[in-house]
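# Analysis of the macromolecular model
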Amino acid sequence: MVGLFAQEVDWFIPGDEQRAPWLGRRSDKNDVRDFFSLLWPATQPRSADVEHLFVEGDKAVIIGVSTPGCCLLVRWLIPCFISI
């Protein structure tokens with residue numbers, strides 16, 4: 001999946017990075033790889049909804065909300081803004 005991303009990205013998922021280290025800013029393909037490496041072992045995906053998708057030439061912006069279930073049975077909504 002990481003191969004679908006540009007070398008440079010503007011990715012921000014707000015939240016407490018101390019409690020959920022996959023949150024925060026990502027700026028390149030390696031950061032995206034780290035995101036998925038941290039997220040998947042600690043959560044069980046519940047849903048993901050793309051609210052807006054903007055494409056212009058070779059650039060795209062995805063805005064959406066993901067609802068993961070954590071191994072601690074905590075649920076939350078993660079608003080996402082990703083520019084690839």
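Moving on to helix α1 (residues 29–42). Taking 1.5 Å per residue as the helical rise, α1 with its 14 residues ought to reach 20 Å, and the 21 Å between its terminal C-alpha atoms agrees with that figure. Those residues of α1 not exposed but buried are Val-32, Phe-35, Phe-36, Leu-39 and Ala-42. Buried residues in α1, looked at end-on, bunch into an arc of 150°, giving them a common side. Its side-chain oxygen 3.1 Å from the backbone nitrogen of Asn-30, Asp-28 forms the N-cap of α1.

The next subject is the confidence of the model for the chain. Fine structural detail should not be taken from predicted coordinates in areas where pLDDT scores are low. Averaged over every residue, the pLDDT of the chain is 77; the share at 70 or more is 80%. Across the chain, the element-wise mean pLDDT spans from 50 in strand β5 (residues 78–83) up to 93 in strand β2 (residues 24–28).

Scanning the entire structure with this criterion turns up one salt bridge. Here Asp-10 makes a salt bridge to Arg-25, at a shortest N to O gap of 4.0 Å. Remark: Arg-25 occurs in strand β2 and Asp-10 occurs in strand β1 (residues 8–13); sequence separation between them is 15 residues. Exposure remark for Asp-10: the relative accessible area of 39% places this residue in the partly exposed category.

So, on to the side chain of Arg-26. In this structure, Arg-26 sits in strand β2. Of the side chains bearing the opposite charge, Asp-31 lies closest to the buried Arg-26, which forms no salt bridge; the N-O distance is 5.2 Å. Here the side chain of Arg-26 touches Pro-21 through a polar contact of 3.4 Å, landing on its backbone oxygen. Setting aside residues no more than four positions away along its own chain, Arg-26 makes contact with Val-9, Asp-10, Trp-11, Pro-21, Asp-31, Val-32, Phe-35 and Leu-38.

Procedures and definitions
- Along each chain, numbering runs from 1 in the same order as the chain's sequence is written.
- Local features are withheld for residues below a pLDDT of 70 in this predicted model, meaning they are given only at 70 or higher, and side-chain atom pairs are given and counted only at 80 or more; totals for whole chains, interfaces and linings count all residues.
- Processing note: side-chain calculations cover all non-hydrogen atoms of the structure and skip hydrogens and water entirely.
- Strands are runs of DSSP state E lasting at least two residues, helices are runs of H or I lasting at least four, and both sets are numbered from the N terminus onward.
- Helix span, expected: 1.5 Å multiplied by one less than the number of residues in the helix.
- Here the term buried applies to any residue with accessible area under 20% of the maximum for its type, exposed to any over 50%, and partly exposed to those in between, with areas from a 1.4 Å probe on protein chains only.
- The arc in question is the one traced by the directions running from the helix axis out to the C-beta atoms.
- Distance and chemistry together define a polar contact, namely a pair of N or O atoms within 3.5 Å, with one atom able to donate a hydrogen and the other to accept it when in protein, and with adjacent residues in sequence counting only for side-chain atoms on both sides.
- A residue's pLDDT is the predictor's confidence in that residue, given on a scale from 0 to 100.
- Salt bridge, as used here, is a side-chain nitrogen of Lys or Arg placed within 4 Å of a carboxyl oxygen of Asp or Glu.
- Neither His nor the chain termini are counted; the positive set is Lys and Arg, and the negative set is Asp and Glu.
- Here, two residues are considered to be in contact whenever any of their heavy atoms come within 4.5 Å of each other.

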